[in-house]
Structure formats: structure tokens, C-alpha cells
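Each chain, letter by letter, is given below.
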Amino acid sequence: MTLAIEGIGLSKIYNSREKMPGISGLWRRKKIAAVADVTIRLEQGKTLAVVGESGSGKSTLGRLLAMMETPDSGSLRFEGRQASELSRAERLALRRRIQMIFQDPYESLDPRLSIRDSVEEPLLALRIDAKEREERVFAALADVELSPPERYLSLRPHQLSGGQRQRVAIARAIVLRPTILIADEPTSMLDVSLRIGILRLLERIRARTGIAILLITHDLALANYASDRVMVMYGGRVVEEGETRVLLKDPKHSYTKLLVASAPRLEPGRQRQRLTRPRPELIMDTT
Amino acid sequence: MSILEVRDLVYGYDSPRGFVPIVDHVDLDLAAGESLGVIGESGSGKSSLLYAVMRILKRNTRIASGSVKFKGDDLSRISAERLGDIRWSGMSMVFQGAMNALNPIIRIGSILGEAYARHHPRASRAEIRDRVQEILDLVRVPSHVRTAFAHELSGGMRQRVVIALALICHPDVLLADEPTTALDVVLQDEIMARLEEIRAKLRFGMILVSHDLALIAETSNRVMVMYAGQIVETGAVRDVIDRPRHPYTIGLLQSYPSLQDMQRVPISIPGSPPTPETAFRGCRFAPRCPMAEPACLDWVSELSAVEETGAAHKVRCRRVDEVDACAASLYRNQRSDA
Ligand SMILES: Nc1ncnc2c1ncn2[C@@H]1O[C@H](COP(=O)(O)OP(=O)(O)O)[C@@H](O)[C@H]1O
Ligand SMILES: Nc1ncnc2c1ncn2[C@@H]1O[C@H](COP(=O)(O)OP(=O)(O)O)[C@@H](O)[C@H]1O
Ligand code: SF4
Ligand SMILES: [Mg+2]
Ligand SMILES: [Mg+2]
């Protein structure tokens, strides 16, 4: 087992405001532990799913791993090295090897750029010549099954379907040949009928390149289909973790049970369980 | 008796090349208190169908033919004033994405109060207050939210407010366009449970539009499957889900990842849905259909009753009798495409 990245005891605290009930215009400040003491290990060639409802800290954890944010405590280790010990140049190179894709491909694609320019853009910072750039853009588009690539090169994002746009966003991420891909709700804006296609695509990329994938989702059925391990987050903490199939078949934590019980089913007879959420210890202090 | 009766509705827009139908010859009946689901991929015309039923016509669009009757009144033949009344207190709509379109500078209580007052011009301030409080209680929004602005609320809270807004005049029919699509599973389940409770209490009929079949399976008595502006299958929810007869419905069902049946590997329907300007020939699903034959391209499609399940179950496919035998192997060995 080779670790692609390891986060140990990660915490991230945000300053936030909350409206005072009843009193208009009055706010109270509070600190939110968006991520609280989370240890996470991404293995090369494996997919780890992070599940939990909105606000449970999944995206923040993803950004911490992608080094888009600095943790307030805890540390990142990458190929056995402490991220904080790296030189500036090393950090920069490292950040390129961790790519992120998001829920809304509209946001990550510049509407003015053609598909070719969008996918090529991340390569411009590297010292590679135009010919190789072109080859890599073609290869990336073929990898995401936008074929033949020629048909898509000059199109703009608005001319594509939602599923195609997400494929372009993935092409843009993999064109840098990352070793870690963090996919934050990559299918939640898409039709159910298109979701599996995107996940299967990620699956194939992973099988071929040995990339490690962190799949962030609130849909347990998707996590079930597309991950080896799953981590359940609630209130910034990991409440349960394990092998996907084992954990989802027999969830132990009451919050995981709530997640499983909340998903609608095609089969008749689901009881809406009146499970209550455990109280998250989100608020650190109030001033 | 149907409270809502739609016949042969054609809705679309004029383009330089002629009229383009977005909703094409759709029939729909809703009994009082009934819940009907409408399912289909994005672009199949679900939202447009609701707009056409409400006669909320976007600038470039028009209803080319067909009729919409609400409690026996043909909506195309009544005065604008009467239509305005029907639109909130007869039939109201939760628009797709409405939770992000609440007026940002008016307090939630006033948004709700104004909507009520507009249709009850003689209502006293006290009555308006009571009505707003009552509806907020129903959707379980804490009363301090009355003084809040939309941006101060969480997504789940805003969606409840939007539902409250649609229900404040006690409509007989609620048209709900993807009311929970933007929410996570836990919130979605809470809101749907709430909506079902309110429906049991106030007994309004509902048309629920969604791309999530399981959500419709749990909420609706009947379902209509839409593809490229047409109904391709309709019937009792259990008939359609347990014995689907249209290759498209089968694709939607097989693409659904299930937590219950972990062995089943979901498929994806190849290709993507067509736009209304596509020059169709024969069956509109043919380019994506694993059972398509050359003859499907010459077929003048029609919706016909399925023999085994009865007259209420209808399908638009010329190979309907063979679908059962092929269902299990359809879509296997397919390459996924955008
Ligand atoms: N930049 C930020 N500033 C303040 N609070 C934030 C910020 N980002 C996230 N949060 C808060 O942190 C918590 C976790 O958020 P997030 O990581 O986005 O969760 P998820 O992705 O699971 O929905 C939420 O309460 C959110 O409001
Ligand atoms: N006013 C309009 N003018 C032109 N095209 C439209 C208009 N409204 C909808 N369409 C097109 O009609 C199709 C159906 O749209 P819509 O009703 O929103 O589908 P759904 O709700 O099923 O996703 C889409 O291809 C959409 O682009
Ligand atoms: S008519 Fe032909 S192409 Fe259309 S759904 Fe039936 S089998 Fe497929
Ligand atoms: Mg998130
Ligand atoms: Mg729609």
C-alpha cells in the first residue's frame, strides 16, 4: 500500500457570524470548526469517498488536501515528506499534482475560452512546447471520451451538455497528469442518468493511471458504486470509516444510519425513520 | 373527475424555420388530491410543460394548440383577472431554482404576506399575520425567520419558504418543479416528508417534476415519462417501475444506482437528449435506443395501452411486445458517452 497523501489531525476553523433569533440586524460571532481533527489517508490507485450532508466539512477537507487552504493544526504528508518542510518551488510542483474538480463545471470553465484553450491553459505555466501541448490536449479529451476531439476543440462551454462540460473540467484536471484527484460533488448537478457515466470515466482514468481519487458526495449509492473506502463526516468530524461495501451494508453510527435511511428508493416500503441527528460540536466559543 | 385536464397541448416557439414544439401533444389528467410524477432527463420539456399548464409564457413562446382545463374552466377562454386568481389560489407553482430567486431586500414575512394580500385584498393585517404564521408553522420554519432576509437563511430553510409561498393561498393543485434537487439527501427527505404531511392535511393535488425516479416512486400515484417533449410512457407508479415497457424508461431505471441491490451495476444511457430543434424522423428515441430497427425511423409514433397492465399504462414504442424479453440485456455492452 502506497500512500499518495496523508493528512494527520487536520483542523480548520472559520470565523463566522450567525443571526440572532428574533432580533433583526443583530449577529453573533462564532468560530466554526469546519474540519476538526481529521486524519485521512489516500492510497495510490484507490478511491476514498467522503460522505455527509451539507455543512459537514467535506469541501473544506478537500481544499486542505489540495493545499488551497492551510490547516489551523495538523499536517500533510506527501510521499512520506512533510508538506511544511518543502521549498516554495517544491510546493508549487506538488500543487500541480493535486487537481480538483467541482460540482458546477460552469464555474471552473471560462465561458470565453474554447474547449481547446480551456484544457490547454493549465499547461501554459509548464515548459513544454506547443506541439506537445497539443498532443496532451488531444490525449486528455480522448481520455474523457470526447471523441473525436476535433469535434469539440473550437466549441465553447455553453454549446455543451452538462455531462460534456464536466468531462471538459476533468480533461482540464488530468492534462497536468496529477497523482491525486479531488472530485467535490462532481455529479450532483447532473441528471441521474449521466452520473454513472462520469463516475465510470473517473474509474477508468484511475485504473489506467493509478491516480488516487477523493470522491466527495452526499449520495451514498454513488459512493457505494465508485469507492473502495468511505469516510462519513458530520460536524467537521469523521464519525465512521471503513471499507465501502462493509460499512454501507451494516452502518454502526447513528448518523450513518440516518444517511442510509434518508435516500429514496425505487423499491416500495421504505420507512421514513425518525432518526434525529446527533448534536454536532460545531461551535467552539461565542463572543 | 379530474381537477386538471390537459388535452393535446402543444407549446413551443417560432423560429426562422417554423414553429418548434417543446411540449408536443401532451395529455394529462390530475384527480383532486392526486400526486402525479413527471420524469425525464434535462431538456425533455418537463419545466416547459408546467409553464404551459400555468400559461406562464416566456416572451418567445406560445401555446399552439390544445386545451388546459382547471375545474372545468378552459384557461384560454377566461379573463386575465380570473386567470390571475387561479394562478395562486387554484394552482400554484414551486419554480425550479426558486430558492435562489427570493427577493433579497424584502423580509421573508413580508414576501409571504404580500402574496396573500394580493389575492385577499380585503384581508386585515391581523389575518395576514395569522396566515403567514400558520403556513410557516406548517413547513416548520421558526417564527423568527419572518424578520430575516433570504440570504440569511440556509438552503433548506429557503426551500421551505418557497414551498410556504406556493401554499399560502391554499391551492388545489401544486406544481413542484425539482423542489429538492439542490439539497442533500437528509434535507431532501425532511422536506419531502413535510410536504407529504401537509398534503395529507390540506389535500391538494400535486405534479412533482424530478429527474429522480426513486423520489417519484415514493411520492406519486402515477408517473409520466417525458422524452423530447412527448410522453413516452405513463401509468401507475408501480406498473411503470416494476414492468417498464419503454426502452427509455428501462434505461432510466437501470442507470439508477441502488443501495439496496449492491450487486447490480448501473448503466448509462448512451448519447444525450435532443434539443427541440432536432429534425426528428420516426421514433424520437431511436438514435439512443438499443432496440432500434430501421423501421423505427419510419414509424409514426403513438401512445398505446399495454395489454397486461391495463388501459392506464401506455407506451410509445413499436416494439412494446418485445421489450420485456429484451429488458435485462438492454444497455449492457454500451460505451458511455456524454
Ligand atoms: N470560507 C469559509 N468561511 C466561513 N465559514 C466557512 C467557509 N467555508 C466553509 N465554512 C463553514 O464550514 C462548515 C463546513 O463547510 P463545507 O466544508 O463547505 O461543508 P460541505 O462541503 O460538507 O457542505 C460549514 O458550516 C460552512 O458554513
Ligand atoms: N423559451 C424557450 N425558447 C427556446 N427554447 C426553449 C425555451 N424554453 C425551453 N427551451 C428548450 O426546450 C427544451 C426543454 O426545456 P425544459 O422544459 O426546461 O426541460 P426540462 O425541465 O425537462 O429540463 C430544452 O432544450 C430547452 O433549451
Ligand atoms: S420505437 Fe423503436 S427506436 Fe423507438 S423506443 Fe421502440 S424500439 Fe426503440
Ligand atoms: Mg461542499
Ligand atoms: Mg426543468
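Residues numbered from 1 in each chain as written. Chains lettered and ligands numbered in written order. Predicted model: local features only at pLDDT ≥ 70, side-chain atom pairs only at ≥ 80, totals over all residues. Heavy atoms only, no water.

The subject of this paragraph is the coordination of the magnesium ion (ligand 5). All names here are of chain B. The coordination sphere of the magnesium ion (ligand 5), as far as protein atoms go, consists of S47 (OG) and Q96 (OE1), spread over 2.1 to 2.3 Å. Remark: Q96 occurs in the loop between β6 (91-94) and α3 (108-119) and S47 occurs in helix α1 (residues 46-54); sequence separation between them is 49 residues. A residue is classified by how much of its surface remains accessible, and S47, at 18% relative accessible area, is buried. (Donors = N, O, S within 2.8 Å, 3.2 Å for Na, K, Ca; no water. Helix = DSSP H or I, 4+ residues; strand = E, 2+ residues; numbered from the N terminus. Buried < 20%, exposed > 50% of the residue type's maximum accessible area, 1.4 Å probe, protein only.)

Time to look at the pattern of salt bridges. All names here are of chain B. Within this structure, the stated rule accounts for 42 salt bridges over all chains. Measuring nitrogen to oxygen at the nearest pair gives 3.8 Å for the salt bridge that ties R140 to E197. Note that R140 is positioned in the loop between α4 (125-138) and α5 (155-167) and E197 in helix α6 (residues 185-202), a separation of 57 residues in sequence. For E197, a relative accessible area of 37% gives the class partly exposed. (Salt bridge = Lys/Arg side-chain N within 4 Å of Asp/Glu carboxyl O.)

Moving on, we get to the environment of E41 of chain B. Tracing the backbone shows E41 of chain B in the loop between β3 (35-39) and α1. Residues E41 of chain B and A101 of chain B, spaced 60 residues apart in sequence, show a C-alpha to C-alpha distance of 23 Å. If sequence neighbours within four positions are ignored, E41 of chain B has contacts with D191 and S193 of chain A together with K46, Y227, Y248, L252, P273 and R288 of chain B. Separated by 2.8 Å, the side chains of E41 of chain B and Y248 of chain B make a polar contact. (Contact = heavy atoms within 4.5 Å. Polar contact = N/O pair within 3.5 Å; in protein donor to acceptor, adjacent residues only side chain to side chain.)

Our focus in this paragraph is α6 of chain B. All names here are of chain B. Its 18 residues give α6 an end-to-end C-alpha distance of 25 Å, which sits within 8% of 26 Å, the value for a rise of 1.5 Å per residue. Inspection of α6 places V185, V186, L187, Q188, D189, I191, M192, A193, R194, L195, I198 and R199 among the buried residues, and these make up the whole buried set. Directly beyond the C-terminal end of α6, a positive phi value near 60 degrees is found at R203. (Expected span 1.5 Å × (residues − 1).)

Now for the interface of chain A and chain B. Between chain A and chain B, the residue contacts involve 47 residues of the former and 45 residues of the latter. Taking both sides of the interface into account, the surface hidden between chain A and chain B amounts to around 4200 Å²; carbon and sulfur atoms contribute 55%. Where chain A packs against chain B, one counts 2 salt bridges. Close ionic contact of R270 of chain A with D189 of chain B constitutes a salt bridge, the shortest N to O distance being 2.8 Å. Counting every contact that joins chain A to chain B gives 9 residue pairs in polar contact (both at pLDDT 80 or more). Elements with a minimum of two residues in the side of chain A that touches chain B: α6 (162-174), α7 (192-209), α8 (220-226), α9 (244-249) and α10 (254-262) of chain A. (Buried area = accessible area lost by both parts, 1.4 Å probe.)

Residues and elements named next belong to chain B. Each domain of chain B was delimited in the assignment, giving domain 1 (2-220) and domain 2 (249-337). Put simply, the middle of domain 1 and the middle of domain 2, counted by C-alpha atoms, are 30 Å apart. Between domain 1 and domain 2, the contact holds 13 residues from the first and 9 residues from the second. Taken over both partners, the interface formed by domain 1 and domain 2 buries close to 950 Å², and the fraction arising from carbon and sulfur atoms is 54%. For the pair domain 1 and domain 2, the interface holds 3 salt bridges. We note a salt bridge from D24 to R284, for which the minimum N-O separation is 2.6 Å. Joining domain 1 to domain 2, the criterion identifies 5 residue pairs in polar contact (both at pLDDT 80 or more). (Domains from an automatic or database assignment.)

What follows concerns the site of ligand 2. Residues and elements named next belong to chain B. Taken together, 13 residues form the shell around ligand 2, and within it G43, K46, S47, S48 and N60 come nearest. Note that an oxygen atom of ligand 2 is positioned 2.7 Å from one of the backbone N or O atoms of G43. With respect to ligand 2, the side chain of S48 contributes an N or O atom lying 2.5 Å from an oxygen atom. Here ligand 2 loses 72% of its free accessible area of 560 Å² to cover by the protein chains. No other element matches α1, which puts 3 residues into the shell around ligand 2. (Near = heavy atom within 4 Å. Areas by Shrake-Rupley, 256 points an atom, 1.4 Å probe, with all protein chains shown as cover.)

Residues and elements named next belong to chain A. Domain parsing of chain A yields domain 1 (3-97 + 181-283) and domain 2 (106-177). For domain 1 and domain 2, the distance between their C-alpha centres works out to 27 Å. The contact between domain 1 and domain 2 buries some 1100 Å² in all, and 67% of this surface belongs to carbon and sulfur atoms. Summed over the three residues of domain 1 that lose the most area to domain 2, namely R96, I198 and L201, the buried surface amounts to 43% of that side. Linking domain 1 with domain 2 are 2 salt bridges. Measuring nitrogen to oxygen at the nearest pair gives 2.6 Å for the salt bridge that ties E145 to R204. Applying the counting rule to domain 1 against domain 2 returns 3 residue pairs in polar contact (both at pLDDT 80 or more). The leading source of residues in the side of domain 1 that touches domain 2 is α7, at 8 residues. Here the side of domain 1 that touches domain 2 is composed, by residue class, of 8 nonpolar, 1 polar and 3 charged. (Nonpolar A, V, L, I, M, F, W, Y, C, P; charged D, E, K, R; others polar.)

The UniProt feature table records "domain: ABC transporter" (unreviewed entry) at residues 4-253 of chain B. Counting secondary structure, residues 4-253 of chain B comes out at 39% helix and 28% strand; the distance between its end C-alpha atoms is 28 Å. (UniProt positions renumbered as here; feature names shortened; annotations may be inferred.)

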